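Structural overview
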Amino acid sequence: MARRIDVTGTGGVRLAAWEFGDPPKTDPAQDVRGGQGAHDGHSTPGGSPGVLLLHGLMGRASHWASTARWLSARYRAVALDQRGHGRSDKPPQGAFTRDAYVDDAEAALEQLGLARVVLIGHAMGALTAWQLAAKRPDLVRGLIICDMRASALGAASQREWGQWFKSWPLPFATLADVRKWFGEDDPWVERPNPARGEFYAEVMAESPDGWRPVFEPEQMLRSRETWVYDAHWEELAQVRCPALVVRGLDGELGRAEAQEMVRVLPRGQYAEVADAGHLVHYDQPEAWRAAIEPFLDSLGDDSDPDS
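Rules behind the numbers
Residues numbered from 1 in each chain as written. Predicted model: local features only at pLDDT ≥ 70, side-chain atom pairs only at ≥ 80, totals over all residues. Heavy atoms only, no water. Buried < 20%, exposed > 50% of the residue type's maximum accessible area, 1.4 Å probe, protein only. Helix = DSSP H or I, 4+ residues; strand = E, 2+ residues; numbered from the N terminus. Pairing = 2+ DSSP bridges. Right-handed = clockwise from strand over helix to strand, strands pointing away. Salt bridge = Lys/Arg side-chain N within 4 Å of Asp/Glu carboxyl O.

With that settled, consider the pairing of strand β2 (residues 14-19). Consecutive side chains of a regular strand alternate in pointing toward one face of the sheet and then the other. Burial analysis of β2 places five of its six residues in the buried class, which makes it a mostly covered element. Taken together, the six bridges between strand β1 (residues 3-8) and β2 define a ladder with antiparallel strand orientation. Looking at the pairing, T8 lines up with R14 of β2. Both β2 and strand β6 (residues 76-80) contribute to a ladder of two bridges, which runs antiparallel. Among the inter-strand pairings, W18 is bridged to a residue of β6, identified as A79.

In terms of burial, strand β11 (residues 243-248) is largely enclosed, as six of its six residues are buried. Residues of β11 alternate between two faces, with A243, V245 and R247 on one and L244, V246 and G248 on the opposite face, all of them buried. Inspection of the sheet shows strand β8 (residues 140-146) paired to β11 by four bridges, in the parallel sense. Bridge pairing in β11 links I144 to L244. As judged from the six bridges shared by β11 and strand β12 (residues 268-273), these two strands associate in the parallel manner. Residue pairing for β12: A243 is matched across the bridge by G268. Once the chain exits β11 it traverses helix α9 (residues 255-264) before rejoining the sheet at β12, and the crossover so formed is right-handed.

Let us look at the environment of G162. Along the polypeptide, G162 turns up in helix α4 (residues 155-167). Using a relative accessible area of 16% as the deciding quantity, one classes G162 as buried. In sequence terms G162 and M220 are 58 residues apart; their C-alpha atoms lie 9.7 Å from each other.

Before going further, it helps to examine the pattern of salt bridges. Proximity of charged atoms lets side chains of opposite charge pair with each other. Tallied over the entire structure, the rule returns 23 salt bridges. Across the salt bridge formed by E19 and R3, the nearest N and O atoms sit 2.3 Å from each other. With E19 in strand β2 and R3 in strand β1, this residue pair connects regions lying 16 residues apart in the sequence. A relative accessible area of 3% means that E19 is categorised as buried. A relative accessible area of 25% places R3 in the partly exposed class. With a closest N to O distance of 2.5 Å, E106 and R136 form a salt bridge. Residue E106 is found in helix α2 (residues 98-111), and its partner R136 is found in the loop between α3 (124-135) and β8; the two are separated by 30 residues along the sequence. The same class applies to E106 and to R136, which are both buried. One network of salt bridges, with partners in common, ties together D103, E106, E110, K135, R136 and D138.

That is the geometry; function is a separate question.
Written out as structure tokens, the structure reads:
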């Protein structure tokens, strides 16, 4: 099952939130209608703890479907299509700043009644998650950071991304071509990776001349340039809740930097997933679950902001 709930982000941007699993049974009087929670905003309907899942750059909520489904047995797990991504609005002149992404996530969890929430973020979504946790510790009780660096990446990295987008052989004639290019032929692929091909197939839509991304590459570059020139260690140090840093053994986050992130986080923990690259939850879904479930178990259902 996939249930869509529309919420309103900063500046009136319409955001699509998704539940991939059976939602907890609730009192009809506390039901969520149109994304506006009728409850008090500080507990999920039916008392189930809330989880908000935030995808990375170019991703979409459906990338979290398998994670959200097993989480839904115990939590109210909602994945958000962030602005410019998935089924959410892609305003041509809209803001794609760090503040906009963080404010969107804050608005979504309040409208959905998910607080106090566990935030789970991948890549850019992980940065959004720890920035929100630093900004609103009253709303966040746990944080999982998946393969996102805290160091500045610099101008060369941004140029490489611009050149990479230009190398895409758009439009793709078929979805099989999408899977093959991103899983095998893309010069950024060191060895065949079917999971990567599936990941990118998920963000393509059929158009009159073939398959194209559901996002605008220019908006992705605008989003990315708001974080690549800066380091984000100070915000990590401001995260008060328990936090788990997860890296794929072959991902973009190196072990030394990940362990330094754990040291900087006031209540940081560390996990790594073998045989996984940057797309940890896609490459090794069972190992990903094994890495994060003990951390989630350790959080319990506590609602004390200072716990």
